[in-house]
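One letter stands for each residue in the lines below.
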Amino acid sequence: MASIKAERLVKRYGAVQAVHGIDFEIADGEFVAILGPSGCGKSSTMRMIAGLEKISEGSIYFDGKRVNDVRARDRNVAMSFESYALYPTISIYENIAFPLRSANVDNREIDRQVRDIAEKMELTSLLDLKPKGLSSGQAQRVGLARALVRNPAVFLLDEPISHLDTRQRYRMRRFIKSLHQKFNYTMIYVTHDQEEALALADRVMVMSDGEIQQMAVPDEVYARPKNAFVAGFVGEPPINFFDCGVVAEPGGWAIEFQGRRLVLPERLHATAQQIGAGGLAAIRPHFLSIGEESPLRLDGKVFITEELQDQNLVMVDVGDIRFTLVAHPSVMPKRGEIVPVSIDPAHLLLFPRSQADKVGSIAA
Ligand code: ADP
Ligand code: MG
């Protein structure tokens, strides 16, 4: 397969600018997820790579060769959309063979390639059937097989499984990941589902408003988000944000909130120095706890407890900040109860207060 590079890529639809001059590189055999809210420019980016949408400005390269002026069908790109309409009157075999027949490949070669991809897609036993009786998962795999049979340079999937029910979705997700692991396709996978992106991809490209916010391995996106938007978009339940003061301490920095002071780990000293007095602190629900030892314990008043199978979500008010925390299933405080809340400073994040408005748009 191929490596892909984009340089100052811009997409405009009339007066609407959907992609604002983005740069990225994807290695041969890499699996990258493009993650972001609806309307942030994921599909536009994907369609420019595929050649289905004109590039307004900038360049795309496959293996170092500029492809701006190469037509979609000559880019050798496989693209799978959410809708994977199969031809109902012909067999699965012929559905998969279709792109090869259109390209005038000879019959023996068609047979070889169809059987090869059918085996990879676990469809061999279904080749003689018509699409009608297939489960949605099987139909999806036939769609993928048809897209992949031409041995494409790059494999693009735009929200390919968002229409499946939860169970099918997990199954397809595992299948797509195994495809990548076994056959090393260069894959770009568009999704608005942060969990899916982090579970599947080698690297995640987080977009919002037509710009790349961060492009990094899943662990880094989760633990070291580059800005408040990424911090808020990634993670479930969502990260807790709270306003804080930022103050110098002998030998370091601290944040202040609700009349309390929390000394920052060294990792955050440079950030603290840059952002000045007003900060936006953030802590994931998994790094707050009830009743555990920590450098800072706060009195929290329980607002509500939601019991899930393997964990309890507790919403607790510390002054006027409402935190969500993930507690062990045995921890089930009652509404109104006062509990000691601990923050693990090793996992604290800190952003400039000016990023608070980006956080607000996340829920929408
Ligand atoms: P995503 O896939 O992340 O949901 P899109 O790339 O589809 O985002 O869209 C990005 C922006 O471009 C949106 O504001 C959308 O309304 C706009 N847009 C997309 N396609 C067109 C089009 N064909 N004509 C006009 N505007 C478009
Ligand atoms: Mg889209």
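Residues numbered from 1 in each chain as written. Chains lettered and ligands numbered in written order. Predicted model: local features only at pLDDT ≥ 70, side-chain atom pairs only at ≥ 80, totals over all residues. Heavy atoms only, no water.

**Quick notes on the site of ligand 1**
Keep this limit in mind: For this description, a residue counts as near a given molecule or strand if any of its non-hydrogen atoms is within 4 Å of it. Think of a polar contact as two N or O atoms within 3.5 Å of one another; within protein, one of them needs to be a possible hydrogen donor and the other a possible acceptor, and neighboring residues in sequence only count if both atoms come from side chains. The method behind every accessible area is Shrake-Rupley, applied with a 1.4 Å probe, and residues are considered shielded solely by the protein chains displayed. Only DSSP runs of H or I reaching four residues or more are called helices, and only runs of E reaching two or more are called strands; each is numbered from the N terminus. Under the convention adopted here, Pro, Cys and the residues Ala, Val, Leu, Ile, Met, Phe, Trp and Tyr are nonpolar, Asp, Glu, Lys and Arg are charged, and Gly plus all remaining residues are polar.
Lining the immediate environment of ligand 1, one finds Tyr13, Ala18, Pro37, Ser38, Gly39, Cys40, Gly41, Lys42, Ser43 and Ser44. Within the side chain of lysine 42, a nitrogen or oxygen atom sits 2.8 Å from an oxygen atom of ligand 1. Protein chains bury 57% of the 560 Å² of accessible surface belonging to ligand 1 in isolation. It is helix 1 (residues 42-50) that contributes the most residues to the shell around ligand 1, three residues altogether. Its residues assigned to classes, the shell around ligand 1 shows four nonpolar, five polar and one charged.

**Points about the packing of helix 2 (residues 92-102) against helix 4 (residues 136-148)**
Our working definition: Here an angle of 0 to 180 degrees is reported between the N-to-C directions of two axes, which are lines fitted to C-alpha atoms, with helices fitted over the stretch in contact. We call two directions roughly parallel when the angle between them is under 35 degrees, roughly antiparallel when it is over 145, roughly perpendicular when it lies between 65 and 115, and oblique otherwise. What makes a crossing left-handed is the near helix being turned counterclockwise from the far one by less than a right angle; a clockwise turn instead makes it right-handed. A contact between two residues is defined here by any heavy atoms of the two lying within 4.5 Å.
With their axes 7 Å apart at the nearest point, helix 2 and helix 4 run at an angle of 30 degrees to one another. Put simply, helix 2 runs roughly parallel to helix 4. For the element pair helix 2 and helix 4, the recorded crossing hand is right-handed. Residues Ile92, Asn95, Ile96 and Pro99 of helix 2 lie in contact with helix 4, whose contacting residues are Val142, Ala145 and Arg146. Residue composition of the contact of helix 2 with helix 4, by class: five nonpolar, one polar and one charged.

**Looking at the packing of aromatic side chains**
For clarity, the threshold we go by: Put simply, two rings from Phe, Tyr or Trp (the six-membered ring, in Trp's case) pair if the centres are within 6.5 Å, and we call them stacked under 30 degrees between planes, edge-to-face over 60, tilted for the rest. Each residue is assigned to one of three classes by its accessible area relative to the maximum for its type, calculated with a 1.4 Å probe on protein chains only: buried under 20%, partly exposed between the two thresholds, exposed over 50%.
In the structure shown here, the tally under the stated rule is seven aromatic pairs. Summarising the aromatic geometry, the rings of phenylalanine 31 and tyrosine 189 are spaced 6.0 Å apart at their centres and angled 50 degrees between planes, so their arrangement reads as tilted. Residue phenylalanine 31 is found in strand 3 (residues 31-35), and its partner tyrosine 189 is found in strand 8 (residues 187-191); the two are separated by 158 residues along the sequence. Judged on exposure class, the residue phenylalanine 31 and its partner tyrosine 189 are both buried. Judged by centre distance (5.9 Å) and plane angle (75 degrees), the rings of phenylalanine 155 and tyrosine 185 are edge-to-face. Of the two residues, phenylalanine 155 is situated in strand 7 (residues 154-158) and tyrosine 185 in the loop between helix 5 (166-183) and strand 8; the sequence distance between them amounts to 30 residues.

**Some details on the sheet that holds strand 14 (residues 278-283)**
Applicable threshold: At least two DSSP bridges between two strands are needed for those strands to be called paired.
Within the open sheet, the five strands sit side by side as 13-12-11-14-20. Their pairing is antiparallel. Only two strands of the sheet have a single neighbouring strand rather than two, namely strand 13 (260-263) and strand 20 (349-352). Strand-to-strand, the axes of this sheet are offset by a mean angle of 40 degrees, without reference to chain direction. Sheet topology note: the strand 11 (residues 240-249)/strand 12 (residues 252-257) ladder contains five bridges and is antiparallel. Bridge pairing in strand 12 links valine 247 to alanine 254.

**Quick notes on the environment of aspartate 357**
Here aspartate 357 lies in helix 10 (residues 356-360). Using a relative accessible area of 59% as the deciding quantity, one classes aspartate 357 as exposed. Residues aspartate 357 and glutamine 113, spaced 244 residues apart in sequence, show a C-alpha to C-alpha distance of 52 Å.

**Things to note about the domain arrangement of the protein chain**
Here is the rule: Each domain's extent is set by a domain assignment, obtained either automatically or from a database. Buried area is calculated as the accessible area (1.4 Å probe) missing from two parts once they are joined, with the contributions of both summed. We define a salt bridge as a contact between a side-chain nitrogen of Lys or Arg and a carboxyl oxygen of Asp or Glu at a distance within 4 Å.
Segmentation of the protein chain into domains returns domain 1 (4-232) and domain 2 (237-357). Distance from the C-alpha centre of domain 1 to the C-alpha centre of domain 2: 38 Å. Taken together, the contacts link 10 residues of domain 1 with nine residues of domain 2. Surface buried jointly by domain 1 and domain 2 totals about 790 Å² across both partners, of which 58% is contributed by carbon and sulfur atoms. Summed over the shared surface of domain 1 and domain 2, the result is zero salt bridges. Of all the secondary-structure elements, those providing two or more residues to the side of domain 1 that touches domain 2 are helix 7 (218-223) and helix 8 (228-233). Taken together, the residues of the side of domain 1 that touches domain 2 sort by class into six nonpolar, two polar and two charged.

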